[in-house]
2 protein chains.
Amino acid sequence: MADKKKPLSRHVLILSLSLNIGLILRLLYVDENWEAERGIHAAFCMEDNHQQTGGASKLEIYSQVIGKMKSVSSSISPSYDTRMQVENRDRIVNLDHGDPTMYQSFWEQMGDKTTVVINGWNFISYFSDAKNLCWFVEPDFVRAVVRLHKLVGNAITQGRHIVVGTGSSQLYQAAIYALSPNESPDPMSVVSAAPYYSSYPLMTDFLKSGLHKWAGDAQNFSKSGPYIELVTTPNNPDGSTRGAVVNRNEGLLVHDYAYFWPQYTPISFVADEELMLFTVSKSTGHAGTRIGWAVVKDEEVARKMTKYIELNTIGVSKESQIRAAKILNVVADTYDELGNPKEDAFFEHGYRIMTKRWNQLREAVKRNNLFSLPKFSSSFCNFSHRKYEANPAFAWLKCEGDIEDCEKFMREHKILTRGGKHFGFSTKYVRISMLDLDANFDLFTERLSRIRQ
Amino acid sequence: MADKKKPLSRHVLILSLSLNIGLILRLLYVDENWEAERGIHAAFCMEDNHQQTGGASKLEIYSQVIGKMKSVSSSISPSYDTRMQVENRDRIVNLDHGDPTMYQSFWEQMGDKTTVVINGWNFISYFSDAKNLCWFVEPDFVRAVVRLHKLVGNAITQGRHIVVGTGSSQLYQAAIYALSPNESPDPMSVVSAAPYYSSYPLMTDFLKSGLHKWAGDAQNFSKSGPYIELVTTPNNPDGSTRGAVVNRNEGLLVHDYAYFWPQYTPISFVADEELMLFTVSKSTGHAGTRIGWAVVKDEEVARKMTKYIELNTIGVSKESQIRAAKILNVVADTYDELGNPKEDAFFEHGYRIMTKRWNQLREAVKRNNLFSLPKFSSSFCNFSHRKYEANPAFAWLKCEGDIEDCEKFMREHKILTRGGKHFGFSTKYVRISMLDLDANFDLFTERLSRIRQ
């Protein structure tokens with residue numbers, strides 16, 4: 001028996017060792033592929049922090065800022081705090097753009113839940129859904145959009161057309177194309193109440209289109225005949241809740257609901273307008289994905305918007321649509337079937353940060369008598385079942401007293417903002433992004449509180 | 001010694017068995033994640049075969065076609081061949097669009113090599129590369145583009161600006177925006193020699209821009225002053241090799257090199273023009289990715305093109321850029337350091353299919369005296385080191401004799417094509433896509449060969 005046992009255990013050992021070698025080789029192979037692809041991706045992400053502001057000079061400044069931030073974050077030494085204070089003193093804080101980098105940490109916490117894998121042989125075709133008048137929209141993206149609106153209760157989607165766009169900028173241009181008559185001798189007037197989103201005039205007029213023309217502040221608009229009015233609510237830049245102001249029979253409305261989400265404002269009604277625009281840039285923070293959507297009542301308008309996107313870009317990136325669908329679904333998954341938040345609920349997380357930031361900003365403004373901020377009344381949110389004040393994605397800061405050019409004043413204190421004149425308004429105001437990284441936001445409020453004239 | 005050996009081998013055995021269990025568990029975990037993500041993707045891909053043609057009636061026809069194709073391909077029974085013949089007799093073949101579905105099978109063969117994994121926290125920002133004047137271009141995409149042009153030798157990239165676009169359509173619009181003076185009283189004339197790409201007039205004029213205006217066939221252009229001439233080579237629709245035809249001092253040229261790749265035409269020179277357009281849709285077949293690039297000499301032109309894309313869509317999908325970079329790199333990886341093709345070399349594969357298809361089409365045309373095709377002289381390809389004739393991505397078919405409306409004639413035989421008038425040319429011609437699925441292409445040539453007037 002002993003003689004027989006010996007070879008058996010030896011056999012088992014050999015078998016076991018062989019199995020180990022096999023398994024190790026297999027694991028190395030799998031890990032290699034896995035890591036190779038993660039590695040490729042990680043390499044891309046390194047570039048994510050390189051940002052710019054549009055103008056060449058601002059660009060250089062921003063590179064310098066990022067460079068300093070990187071050196072600060074990578075240094076761990078006893079003199080860290082002191083050095084950071086010294087470096088921060090000189091650092092420029094750029095809050096000109098509404099780059100939603102604040103959201104990065106939330107998505108990091110969510111780990112692999114939002115990972116998307118795309119194989120080389122998918123999305124070869126231009127076409128996504130032959131049955132849909134918007135033939136380039138991915139059905140899973142439409143389902144995710146409808147699901148999220150149903151959960152949040154911020155917009156009616158039943159019986160509506162969903163048109164996907166390369167961000168809501170493209171959809172805005174598609175909308176004014178679709179709403180402007182093709183055979184009119186004069187271009188259609190496009191208006192919005194000041195302060196209005198600074199890109200509206202540029203996007204309307206940069207091609208000198210004969211179809212539509214920017215006609216400025218809706219409050220001063222008196223020309224007879226048809227017109228398009230843009231209603232952004234909550235408004236960019238000032239966070240106010242808005243309705244149409246011209247209110248004439250011949251007016252066509254475009255509602256920009258980019259910020260109509262619970263982290264920014266109480267959802268006190270279900271939006272049900274003719275043409276409503278949304279975007280992932282501001283709802284989930286994925287600005288680089290360039291995905292927006294329009295919810296459209298009229299079939300002919302949806303068809304003309306689709307035509308615009310066909311002529312402009314022959315559809316919209318399938319990869320971005322797939323990723324946006326995944327992300328919107330993961331947001332919805334952070335709530336149970338009854339709409340109650342789970343532990344890591346997305347909108348609760350966003351609401352907590354925005355409330356904290358607004359409190360921090362209001363505290364900083366109190367420290368001197370140089371600035372003022374808009375006040376918001378509180379409303380009941382039908383989604384989160386609580387009453388609260390708006391926490392807009394931008395702060396519309398006014399320089400009080402004799403400071404006439406607030407943008408210039410802020411720049412002198414190494415804070416880059418966007419001045420009121422870009423929004424058709426007074427230079428005493430600036431727009432400040434509330435969606436930047438924690439480190440930048442903290443430095444901004446700390447610096448603001450210490451400004452003395 | 002014997003006593004001491006026994007426990008040691010037992011220890012080794014236990015250790016080895018534990019390692020077995022550990023490794024198996026680890027492998028199961030890795031595979032589970034891996035498969036889960038592949039699964040997610042597979043669900044998305046189900047929609048890939050739903051395609052459409054643009055017009056509503058064609059759309060319905062196309063749905064019907066796809067439906068039938070699906071039922072054919074899923075049936076495996078003794079009467080399969082007979083049934084397929086019957087079903088094929090009635091089936092409409094749609095070769096109106098240049099949808100490059102032909103490439104799907106190659107990328108399937110490449111398996112996981114082109115798989116891209118994107119996590120939820122990447123590409124939050126609008127910005128990709130602060131140091132680049134095109135601030136939204138991913139550095140890895142630029143590197144992949146430069147690498148592929150260097151390998152193929154079809155375009156100079158050194159010292160040039162690479163501007164990424166949402167397909168080359170957006171880049172075309174960015175180019176004519178950048179080349180048209182902003183303060184001119186008259187719009188800039190845009191011309192191209194007929195037959196020209198059917199979308200050029202539409203893309204130039206659909207917004208009734210005051211900056212530029214379609215002025216038709218370059219061969220008939222006599223207006224004095226500045227103008228833009230589009231040179232597509234090899235040309236869409238007729239596959240001819242082209243140069244500028246107006247040749248006046250005040251002309252600005254845009255070279256569309258979408259089809260200047262070895263599977264379609266011998267690479268007999270290195271292109272080095274002022275403004276050159278390329279796209280993944282036609283080079284690798286990834287039309288749904290909506291990625292094109294411009295190679296631009298003049299910095300100011302590159303800057304204005306970037307401005308157009310900023311105003312139009314605030315940049316270009318990061319996900320699509322990442323995937324396009326991966327795919328272009330995999331294409332380059334199918335060649336060794338000296339540029340010699342490996343077993344599965346991409347352009348050799350494409351060349352083989354295109355040659356086979358063109359032979360098949362020419363054979364079909366010979367069977368009756370109703371049609372004719374362009375003839376191409378052969379040239380030496382500096383990339384593949386062989387002499388061959390062009391194998392264009394479209395066939396420019398002429399109906400001979402008294403058939404005046406070739407598109408209508410083909411439609412009566414259940415073949416959808418795009419008629420010559422869309423290209424500023426005679427209705428005796430049609431453009432036919434050579435890049436569709438095998439089954440469609442085979443049915444088309446088989447049907448064409450049997451047509452009797």
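Residues numbered from 1 in each chain as written. Chains lettered and ligands numbered in written order. Predicted model: local features only at pLDDT ≥ 70, side-chain atom pairs only at ≥ 80, totals over all residues. Heavy atoms only, no water.

*Asks:* Sorry if this is basic, but what is going on with the overall build of chain A here?
*Replies:* From N to C terminus, chain A includes 13 helices and 16 strands. Contacts in chain A between residues far apart in sequence, at least 24 positions, make up 71% of those at least 6 positions apart. Of the roughly 18600 Å² of accessible surface on chain A, 53% is carried by carbon and sulfur atoms. (Helix = DSSP H or I, 4+ residues; strand = E, 2+ residues; numbered from the N terminus. Contact = heavy atoms within 4.5 Å. Areas by Shrake-Rupley, 256 points an atom, 1.4 Å probe, with all protein chains shown as cover.)

*Asks:* Looking at this structure, I do not really get the environment of Ala287(B). What am I missing?
*Replies:* Within the secondary structure, Ala287(B) sits in the loop between α8 (280-283) and β9 (291-296). Through-space distance from the C-alpha of Ala287(B) to that of Lys356(B) is 23 Å; in sequence the pair is 69 residues apart. Ala287(B) has contacts with Phe123(A), Ile124(A), Ser125(A), Tyr126(A), Asp99(B), Pro100(B) and Ser281(B), leaving out every residue within four places of it along the chain.

*Asks:* What should I look at first to understand the sheet that holds β9(B) in this one?
*Replies:* Two orientations exist for strands paired in a sheet by backbone hydrogen bonds: parallel and antiparallel. Residues and elements named next belong to chain B. Read across the open sheet, the 7 strands follow the order β3-β9-β8-β7-β6-β4-β5; overall the sheet is mixed. A single partner strand is all that each edge strand has here, and the edge strands are β3 (161-166) and β5 (212-217). Pairs of neighbouring strands in the sheet enclose a mean axial angle of 25°, with direction left out of account. Where strand β4 (residues 188-192) lies against β5, 4 bridges are found, and the strand directions are parallel. Within β5, the position partnered with Val 190 by the bridge is Trp 214. (Pairing = 2+ DSSP bridges. Axes fitted to C-alpha atoms, helices over the stretch in contact; angles between N-to-C directions.)

*Asks:* Sorry, what's going on with the nonpolar core here?
*Replies:* Considering soluble globular proteins, one finds that nonpolar side chains tend to be buried as a cluster. Counting 239 residues, the largest nonpolar core has Met305(A), Met410(A), Leu448(A), Trp107(B), Met305(B), Met410(B) and Leu448(B) as the members making the most contacts within it. Setting aside chain neighbours within four positions, we find Leu448(A) in contact with Leu361(A), Ala364(A), Val365(A), Asn368(A), Phe371(A), Leu397(A), Met410(A) and Ile415(A). (Core = buried A, V, L, I, M, F, W, Y, C linked by side-chain atoms within 4.5 Å. Buried < 20%, exposed > 50% of the residue type's maximum accessible area, 1.4 Å probe, protein only.)

*Asks:* Please clarify how the packing of aromatic side chains should be interpreted in this entry.
*Replies:* With the rule as written, the count across this model stands at 72 aromatic pairs over all chains. Ring geometry for Trp358(A) and Phe376(A): centres 6.1 Å apart, planes at 85°, overall edge-to-face. Taken together, the residues span a long stretch of sequence, with Trp358(A) in helix α11 (residues 346-366) and Phe376(A) in the loop between β10 (371-372) and β11 (379-381) at a distance of 18 residues. Of the residues examined, Trp358(A) reaches a relative accessible area of 2% and is grouped as buried. By relative accessible area, Phe376(A) is classed as buried at 14%. Just above the ring of Tyr351(A) sits the side chain of Arg386(A); from NZ or CZ to the centre is 4.3 Å. Over the ring of Phe394(B) we find Arg431(B), and its NZ or CZ is 3.7 Å from the ring centre. (Phe/Tyr/Trp six-rings, centres within 6.5 Å; stacked < 30°, edge-to-face > 60°. Lys NZ or Arg CZ within 6 Å of the ring centre and 35° of its normal.)

*Asks:* Help me understand the environment of Phe141(A), please; the structure alone is not making it clear to me.
*Replies:* All names here are of chain A. Mapped onto the elements of the fold, Phe 141 is located in helix α5 (residues 139-152). Through-space distance from the C-alpha of Phe 141 to that of Trp 293 is 9.7 Å; in sequence the pair is 152 residues apart. Each residue touching Phe 141, except ones within four places of it in the same chain, is listed here: Val 164, Ile 291, Gly 292, Trp 293, Gln 321, Ala 324, Ala 325 and Leu 328.

*Asks:* When you look at the pairing of strand β7 (residues 251-256) of chain B in this model, what are you seeing that I'm missing?
*Replies:* It is a general feature of regular strands that their side chains alternate between the two faces of the sheet. All names here are of chain B. Sheet topology note: the strand β6 (residues 227-232)/β7 ladder contains 6 bridges and is parallel. In the sheet register, Thr 232 faces β7, and the bridge partner there is Asp 256. By the bridge criterion, 2 bridges tie β7 to strand β8 (residues 275-279) in an arrangement that is parallel. For His 255, the partnering residue across the bridge sits in β8 and is Met 276.

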